[in-house]
Amino acid sequence: MIKGGVAILDFGSQYSQLIARRVRELGVYCELLPGNCQWSDIEKLTPGAIILAGSPYSVYGADSPIPPVEVFSTELPVLGVCYGMQLLAHNTGGKVEGGFHREYGPALLNTKKSQLFSEIESGQQAWMSHGDRVTRVPSGYTIVASTDLLPIAAMENHSLKRYGVQFHPEVNHTVFGAKLLKQFLFDIAKLKPNWDMKYFSTQAIQFIKEELGDKGKVILGLSGGVDSSVVAALLHRAVPNRFVPIFVDNGLLRAGERQEVEKTFGEHFGMDLITVDGEDRFLNELAGVSDPEKKRKIIGRVFIELFEEAANSIPDVTHLAQGTLYPDVIESVSFKGPSATIKSHHNVGGLPERMNLKLLEPLRELFKDEVRELGRELGLSNLMVSRHPFPGPGLAVRILGPITREDRDLLQKVDKVFIDYLLEKNLYDEIWQAFSVLLPIRTVGVMGDERTYDRVVALRAVTSTDGMTADWYRMDPEHMAAVSSRIVNRVNGVSRIVYDISSKPPGTIEWE
Ligand code: XMP
């Protein structure tokens, strides 16, 4: 933890992570802690301010999360958001009541001259999402904002440095939200900007050097995706002669991907890259298999076998690096108790235990957009750091039914035309993930005077923030027509293109 940041107490709101992102965007380090942690956990972070976040609970609930009492008497400035404001009121002599209709959505906020709103004009839109509300402020507090429906929308006690807002400054619909957070962090709490990726990389490099000590090597499963690429760039900067990235080519990658990885990491950065040519092994083991879960299992198992073989050939390995990110860490330390812990695809199947390796997770404090920024800072190309996610099993789950080399080649060609089109027309960055799916059917078509009986390809493009939910990308019909005609004209064997208009849920992003 960097001194003078913000401790954000999480009480289970869907928006807690968003507060953390906003604070960091303003250049201030922060960490999320379970709302029911001990005061000593907060002290360990040596924060300069505390934010109490929202919650689906009511302060009156029997099992509602309660912060340590010191939060209400500390000299540190405290901002309570939604449930956080209600906690401040409920625990210091004010009153919170339920039973009103739930207020959800935009509301115009009337503000009074105050510390919190000194830079914010009255009458702007704020975003509400609450059932309970504060009906009496504690003594010493003043009411500093209201809406037509809500007499107490914000309160403050400037001499105690206590502030509460019933709306959510962290969501973009609160148009002055960033301004309000800025006011709290810099003008009220007097924090100094202490967080950017230049600073982070210096700290992380120092940490990696110390962690490795004066002997031993670190290995990494490099996939070509954003997270492992950034870990590679960081480790190469920190311990260039003691870092060995291992790239397993499973024969199911995007067109040209292996060459790109070898060029970037092997040639450009000059890393000691080991490429494992696994195409035959993977494709032979997958022959005739059509069940998607069986495909995933085979790919997972063969990956581990080949990765371990390569790792065993390197002398003196002491550490295995992984691209675990902060959202995965938060998920495993939520106040509800450890949930799914770290996502399984980050773990190279029990390898650390079998090979007696220590884990190194240098990105575990970062959000995805920070990882991208760090990647740029470390010299990765913009194309590399803004790449769409790609699943571990690769094209195996995009070729429906059994996999053959011919189908793999066909899909690689189609996908390249699709993705190149999106890049060329500057659509790629508007889309969270785009890809092509090869369907196991043929349909009748006509080309020139000939009747054809060729394959069907589905194009999928989705918008999303984290892949948990997604919507289909509203692609302009002119672009659809152009890309469809390019594919059919450039790739033999495909005569029909369909565009997937399913959202997630009820669909998933991948087809298998
Ligand atoms: P779904 O299809 O579950 O996909 O909506 C959500 C995100 O996860 C990716 N995905 C995978 N990634 N191994 C991975 O590493 C997998 O088996 C896998 N299945 C789906 C998918 O590409 C999307 O980004």
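Analysis parameters
Residues numbered from 1 in each chain as written. Predicted model: local features only at pLDDT ≥ 70, side-chain atom pairs only at ≥ 80, totals over all residues. Heavy atoms only, no water. Helix = DSSP H or I, 4+ residues; strand = E, 2+ residues; numbered from the N terminus. Buried < 20%, exposed > 50% of the residue type's maximum accessible area, 1.4 Å probe, protein only. Areas by Shrake-Rupley, 256 points an atom, 1.4 Å probe, with all protein chains shown as cover. Lys, Arg positive; Asp, Glu negative; His and termini not counted. Charge placed at Lys NZ, Arg CZ, Asp CG, Glu CD. Expected span 1.5 Å × (residues − 1). Arc of directions from axis to C-beta. Domains from an automatic or database assignment. Contact = heavy atoms within 4.5 Å. Buried area = accessible area lost by both parts, 1.4 Å probe. Pairing = 2+ DSSP bridges. Axes fitted to C-alpha atoms, helices over the stretch in contact; angles between N-to-C directions. Parallel < 35°, antiparallel > 145°, perpendicular 65-115°, else oblique. Nonpolar A, V, L, I, M, F, W, Y, C, P; charged D, E, K, R; others polar. Near = heavy atom within 4 Å. Polar contact = N/O pair within 3.5 Å; in protein donor to acceptor, adjacent residues only side chain to side chain. Phe/Tyr/Trp six-rings, centres within 6.5 Å; stacked < 30°, edge-to-face > 60°. Lys NZ or Arg CZ within 6 Å of the ring centre and 35° of its normal. Left-handed = near helix turned anticlockwise from the far one by under 90°.

**Q** Any details on the overall build of the chain? Residues and values, ideally.
**A** What the chain contains, in helices and strands, is 15 helices and 20 strands. For the chain, the spread of C-alpha atoms along the principal axes amounts to about 80 × 65 × 40 Å. Relative to its 512 residues, the chain shows a buried fraction of 54%. When the accessible surface of the chain is totalled, it reaches about 23100 Å², and 50% of it is carbon and sulfur. Charge separation in the chain, taken as the distance between the mean sites of 56 positive and 65 negative side-chain charges, equals 2 Å.

**Q** An account of the environment of D409 is needed here, citing residue identities and associated values.
**A** With respect to the secondary-structure elements, D409 resides in helix α14 (residues 405–424). Considered as a pair, D409 and L252 are 157 residues apart in the sequence and their alpha carbons are 9.3 Å apart.

**Q** Account for helix α5 (residues 197–212), with residues named and values stated.
**A** Along an α-helix, residues three or four apart share an orientation, since each turn contains 3.6 residues. Taking 1.5 Å of rise per residue, the 16 residues of α5 would be expected to cover 22 Å, and the 22 Å separating its terminal C-alpha atoms lies within 8% of that figure. Here α5 has its buried residues at M197, F200, S201, A204, I205, I208 and L212. Taken around the axis of α5, the buried residues stretch over an arc of 135°, which confines them to a single face. Projecting away from the buried face of α5 at angles above 90 degrees are the exposed residues T202 and E210.

**Q** Before we move on, could you go through the domain arrangement of the chain and cite the residues and values that matter?
**A** Domains assigned within the chain are domain 1 (6–188), domain 2 (197–385) and domain 3 (404–499). Using C-alpha coordinates to define each centre, domain 1 is positioned 38 Å away from domain 2. The interface is formed by 16 residues belonging to domain 1 together with 12 residues belonging to domain 2. Summing the contributions of domain 1 and of domain 2, the shared interface buries around 1100 Å²; its carbon and sulfur component is 56%.

**Q** Please set out the sheet that holds strand β14 (residues 274–277) residue by residue, giving values where relevant.
**A** If you walk across this open sheet you meet the 5 strands as β14-β13-β12-β15-β16, and the pairing is parallel. For this open sheet the edge positions go to β14 and β16 (358–360), each flanked by a neighbour on one side alone. Strand-to-strand twist in this sheet, taken as the mean axis angle between neighbours without regard to direction, amounts to 30°. Direction of pairing for strand β15 (residues 317–321) relative to β16: parallel, over a ladder of 3 bridges. Each residue of the ladder has a partner; that of L320, found in β16, is L359.

**Q** So what about the sheet that holds strand β2 (residues 30–34)? Which residues, and what values?
**A** Here 9 strands make up an open sheet; going across it, the order is β2-β1-β3-β4-β11-β10-β9-β6-β7 and the pairing mixed. Single-partner strands in this sheet number two, and they are β2 and β7 (124–130). Neighbour-to-neighbour, the strand axes of this sheet turn through a mean angle of 25°, independent of strand direction. Of the strands in this sheet, β3 (49–52), β4 (78–81), β10 (154–157) and β11 (162–165) touch helix α3 (residues 83–91), which is tilted by about 115° from β4.

**Q** I'd love a proper account of the packing of α5 against helix α12 (residues 368–377), names of residues and values included.
**A** One can describe the packing of α5 onto α12 by two numbers: an axis separation of 9 Å at closest approach and a directional angle of 80°. Classified by the interaxial angle, the pair formed by α5 and α12 is roughly perpendicular. Note on element contacts: α12 touches α5 through E370, E373, L374 and E377, opposite M197, K198, F200 and S201. Each residue belonging to the contact of α5 with α12 can be placed in one class, and the counts come to 3 nonpolar, 1 polar and 4 charged.

**Q** So what about the site of the ligand? Which residues, and what values?
**A** Taken together, the neighbourhood of the ligand is formed by 13 residues, with R296, Q433, K504, I509 and E510 sitting nearest. Between the ligand and I509 there is a distance of 2.7 Å, counted from an oxygen atom to a backbone nitrogen or oxygen.

**Q** I'd like to hear about the packing of aromatic side chains, residue by residue, with values.
**A** For the structure on display, the rule yields 12 aromatic pairs. Measuring from centroid to centroid gives 5.6 Å for F167 and F176, while their planes differ by 75°, and the two rings are edge-to-face. Ring centres 5.5 Å apart and planes at 75° place the aromatic pair Y326 and F367 in the edge-to-face group. In this pair, Y326 is assigned in helix α10 (residues 326–332) and F367 in the loop between β16 and α12, connecting sequence segments 41 residues apart. By relative accessible area, which is 3% here, F367 ends up buried. Grouping aromatic residues by their ring pairs yields a cluster made of Y29, W195 and F200. Lying over the aromatic face of F100, R133 brings its terminal NZ or CZ to 4.0 Å of the ring centre.

**Q** Now, about helix α6 (residues 226–238): what can you tell me, with residues and values included?
**A** In this model α6 runs 18 Å from its N-terminal to its C-terminal C-alpha over 13 residues, within 8% of the 18 Å that 1.5 Å per residue would give. Counting buried positions along α6 gives 12 out of 13 residues, so the element sits mostly inside the fold. V226, D227, S228, S229, V230, V231, A232, A233, L234, L235, H236 and A238 are the residues of α6 that are buried.

**Q** Go over the packing of α6 against α12 with me, naming the residues and quoting the values.
**A** Between α6 and α12, the least distance of the axes is 9 Å, while the angle of their chain directions is 45°. Here α6 is positioned oblique relative to α12, judged by the angle of their axes. Crossing hand, α6 versus α12: left-handed. On α12, the residues touching V226, D227, V230 and R237 of α6 are K368, V371, R372, L374, G375 and E377. Residue composition of the contact of α6 with α12, by class: 4 nonpolar, 1 polar and 5 charged.

**Q** Requested: an account of the environment of S129, with residues and values cited.
**A** When you line up the elements, S129 lands in strand β7. For the pair formed by S129 and E285, sequence separation is 156 residues and the distance between their alpha carbons is 52 Å. When neighbours within four sequence positions are excluded, S129 is seen to be in contact with C82, R102, E103, Y104 and H168. Of the polar contacts made by the side chain of S129, one reaches the side chain of R102; its length is 3.5 Å.

**Q** Got a sec to walk through the pairing of β14? Specific residues and values, please.
**A** In this structure, strand β13 (residues 243–249) lies alongside β14, joined through 4 bridges in parallel fashion. By the bridge assignment, V248 is partnered in β14 with V276.

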